[in-house]
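# Chain and residue survey
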Amino acid sequence: MAEAVRLESLYKTYDNAVTALDGVTAAFADGTFTAVMGPSGSGKSTLLHCAAGLDRPTGGRVFIGGTELTATTDTAMTRFRRERVGFVFQDYNLLPALTVEQNVQLPLRLAGRRADRERGRAILDRLGLGDRLEQRPDQLSGGQRQRVAVARALLTEPAVIFADEPTGALDLRSAREVLTLLRSVVREHGRTVVMVTHDPMAAAYADSVLFLADGRLAGSLTAPTADAVAERLAHLGDLTGVPA
Ligand SMILES: Nc1ncnc2c1ncn2[C@@H]1O[C@H](COP(=O)(O)OP(=O)(O)OP(=O)(O)O)[C@@H](O)[C@H]1O
């Protein structure tokens, strides 16, 4: 299977001498849904940011869809990210002054490309938001806002969608809706999703879970259940001395 994302020996040391990533090598195959978990401070956000081209690793290489992101200039990295990477954040990151439709078109505008209203509307229809085009984010529920964010992430047909705690601000029902949506994005539309989460229930929607501890890979779990994930996390907490 082709690799959507490949990380080779990633290291990240911050100015304060904290080593957040300590030699992580991992690959995310096309058309898969992976959750990344680990105790607080284990390097999950750093991994996501380096993999997505939002930050540069101190050492190692990042490939997305076969292109080495770490070999490019900052400008090229930004352009690549806009064209080939989708993002879903905990706090939705929608612009409050823009309508649902305008928010979904934003990645194309930022990339200096023409709006594709037909495609945007088709995606919003599919996500059950076809009658919300003219509304603004504050007229929507949290779950609906996150669905708009997923629609926006899909617009450019990215090689990979990175989701950082996408259900962290949602109630259980909305969280399940968004997770079901992310899973269908993978299953039915062949996209690749990498999701950082603290929540074993959320991780159970993924095809597999990658565990981090102290900036290193600490195993994986395929076809995860919430119980199996919670147990593994508790064990990681024992190992690192940090509660999961
Ligand atoms: N910008 C930064 N400057 C300095 N240190 C940082 C910075 N960002 C993260 N760190 C440190 O790097 C380590 C890993 O942080 P990171 O945020 O990647 O972990 P995490 O697993 O996502 O944590 P959490 O689950 O609490 O969000 C931590 O020790 C953190 O304090």
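Rules used throughout
Residues numbered from 1 in each chain as written. Predicted model: local features only at pLDDT ≥ 70, side-chain atom pairs only at ≥ 80, totals over all residues. Pairing = 2+ DSSP bridges. Helix = DSSP H or I, 4+ residues; strand = E, 2+ residues; numbered from the N terminus. Axes fitted to C-alpha atoms, helices over the stretch in contact; angles between N-to-C directions. Contact = placed C-beta atoms within 7 Å. Near = placed C-beta within 6 Å. Nonpolar A, V, L, I, M, F, W, Y, C, P; charged D, E, K, R; others polar. pLDDT = per-residue confidence, 0-100. Core = buried A, V, L, I, M, F, W, Y, C linked by C-beta atoms within 7 Å. Buried ≥ 20, exposed ≤ 12 C-beta atoms within 10 Å, placed from the backbone.

Taken in spatial order, the 6 strands of this open sheet run β6-β7-β8-β3-β9-β10, and their pairing is mixed. Here the strands that pair on one side only, and so sit at the sheet edges, are β6 (85-89) and β10 (216-222). In this sheet, adjacent strand axes meet at a mean angle of 20° when their direction is disregarded. Pairing of strand β9 (residues 208-213) with β10 involves 5 bridges; the strand directions are antiparallel. Directly across from L212, in β10, lies its bridge partner L217. Against the sheet, helix α5 (residues 142-154) touches β6 and β7 (160-164), its axis set at about 170° to β6. Across the sheet, helix α6 (residues 172-187) touches β3 (33-37), β7 and β8 (193-196), and the angle it forms with β8 is around 155°.

Here we take up the site of the ligand. By nearness alone, every residue bordering the ligand is listed as Y14, N16, V18, A20, G38, S40, G41, S42, G43, K44, S45 and T46. The element contributing the most residues to the shell around the ligand is helix α1 (residues 44-51), with 3 residues. Tallied by class, residues from the shell around the ligand come to 3 nonpolar, 8 polar and 1 charged.

Summing up the model confidence of the protein chain, the mean pLDDT is 92 and the portion of residues at 70 or higher is 97%. Across the predicted assembly, pTM comes out at 0.93 and ipTM at 0.97.

With that out of the way, let us pick up the sheet that holds strand β1 (residues 3-13). The 4 strands lie next to each other as β2-β1-β4-β5, forming an open sheet whose pairing is antiparallel. The open sheet terminates on both sides in strands that have one partner only, identified here as β2 (19-29) and β5 (67-68). When strand β4 (residues 59-64) meets β5, the two strands line up antiparallel, connected through 2 bridges. What sits directly across from I64, in β5, is T67.

Glancing now at the nonpolar core. Nonpolar side chains in soluble globular proteins generally cluster together in the buried interior. Judged by nonpolar contacts, the single largest core of 68 residues is most densely connected at V36, A51, V150, V160, F162 and L182. The element contributing the most residues to this core is α6, with 7 residues. With residues near it in sequence (within four places) discarded, L182 still touches F33, V150, A163, V193, M195 and Y205.

Attention shifts here to the pairing of β9. Counted residue by residue, β9 has 5 buried out of 6 residues, so it is predominantly covered. With 4 bridges joining them, β3 and β9 adopt parallel strand pairing. Bridge pairing in β9 links A35 to V209. In this antiparallel pair of consecutive strands, β9 and β10, the connection spans 2 residues, and D214 shows a positive phi of 55°.

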